[in-house]
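Next come the chains, spelled out residue by residue.
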Amino acid sequence: MKGNTREITTIFFDVGGVLLIDFIDWKIKDLAAKYSVEESLLFEAKKNLRPKADAGELSDPDFWKLLLKTVDITADDDDIDLEPYMKKVDGGLDIVNKLKESGYKIAILSNDSVEMSNHRRQKYGFDNIFDHIIISCYHHVIKPNRRIYEIALEEMNVTPEESVFIDDRKENVDTANNVGITGIFFENSTQVTNRLKELRINIK
């Protein structure tokens with residue numbers, strides 16, 4: 001049974017689906033429509049290719065090029081452009097800012113490619129907002145592998161019992177709980193705020 005005697009000091013956030021819209025599936029649907037190909041073929045290719053990008057083994061432009069190559073299409077510049085899909089999740093960053101104002105340590109723990117991560121960090125000023133950023137591509141291990149959670153705890157010098165992790169994928173939340181971190185499944189910002197308050201976290 002997990003001990004709960006230590007006060008929570010640190011909150012880890014996933015990015016796609018929590019802070020920013022997880023747009024990969026959205027973009028795949030757009031590409032399928034653009035080229036009149038079956039979405040299922042592109043989604044099947046994604047299963048094989050995206051983990052390589054998130055693990056730092058494949059660049060983001062190459063991911064999109066190889067994805068389309070599986071249906072015999074040569075990608076153009078628009079097909080690898082990330083900017084049109086960069087949008088915030090309602091209320092996600094508001095939670096981050098409120099926790100920061102309340103004195104909590106906040107960090108990103110996210111699966112991402114080098115290029116997408118850098119684009120997001122620059123566009124939204126993540127390096128100025130977060131105390132630390134842990135991205136899968138730089139550690140060559142992706143969620144839900146428990147090792148990346150252990151790396152995150154080590155780099156933040158915090159125990160599992162002092163930590164919360166917020167993600168929109170159940171398997172990632174489950175691993176956090178198994179490691180001893182309190183996992184919160186993100187449905188919307190109001191639900192997450194209420195759960196944080198239940199954990200006696202000071203968020204206004």
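Below is a short write-up of the structure. This is a predicted model, so every value here is computed, not measured.

**Re the layout of surface pockets**
So, point 1. Counted as a void, the largest pocket has a volume near 490 Å³.
So, point 2. D22, R50, D54, N111 and R169 are the residues nearest the centre of the largest pocket, which is lined by 24 residues in total.
So, point 3. Counting only elements with at least two residues in the lining of the largest pocket, the list comes to α1 (24-35), α2 (39-54), α5 (114-124) and α9 (170-179).
So, point 4. Of the residues forming the lining of the largest pocket, the biggest block, 5 residues, is contributed by α2.
So, point 5. The class makeup of the residues in the lining of the largest pocket is 6 nonpolar, 4 polar and 14 charged.

**Focus: unusual backbone geometry**
So, point 1. In this structure, P144 follows K143 across a cis peptide bond, with omega equal to 10°.
So, point 2. Topologically, P144 is positioned in the loop between α7 (136-139) and α8 (146-156).
So, point 3. Positive phi, normally seen in glycine, also occurs at S36, with a value near 55°.
So, point 4. Of note, S36 is situated in the loop between α1 and α2.
So, point 5. Unlike most non-glycine residues, N157 shows phi in positive territory, near 55°.
So, point 6. Relative to the assigned elements, N157 resides in the loop between α8 and β4 (163-167).

**As for the environment of V158**
So, point 1. Mapped onto the elements, V158 comes out in the loop between α8 and β4.
So, point 2. A relative accessible area of 9% means that V158 is categorised as buried.
So, point 3. Taking the C-alpha atoms as reference, V158 lies 9.9 Å from K105; in sequence the two are 53 residues apart.
So, point 4. Sequence-distant contacts of V158, that is, excluding residues within four places in its chain, are made with T9, T10, F12, L153 and S163.

Basis of the calculations
- Residues numbered from 1 in each chain as written.
- Predicted model: local features only at pLDDT ≥ 70, side-chain atom pairs only at ≥ 80, totals over all residues.
- Heavy atoms only, no water.
- 1 Å grid on protein atoms, 1.4 Å probe; cavity = no way out; pocket = protein on both sides within 12 Å on 5 of 7 lines; lining within 4 Å.
- Points joined across faces, edges and corners; volume = space filled by probe spheres on them.
- Helix = DSSP H or I, 4+ residues; strand = E, 2+ residues; numbered from the N terminus.
- Nonpolar A, V, L, I, M, F, W, Y, C, P; charged D, E, K, R; others polar.
- Buried < 20%, exposed > 50% of the residue type's maximum accessible area, 1.4 Å probe, protein only.
- Contact = heavy atoms within 4.5 Å.

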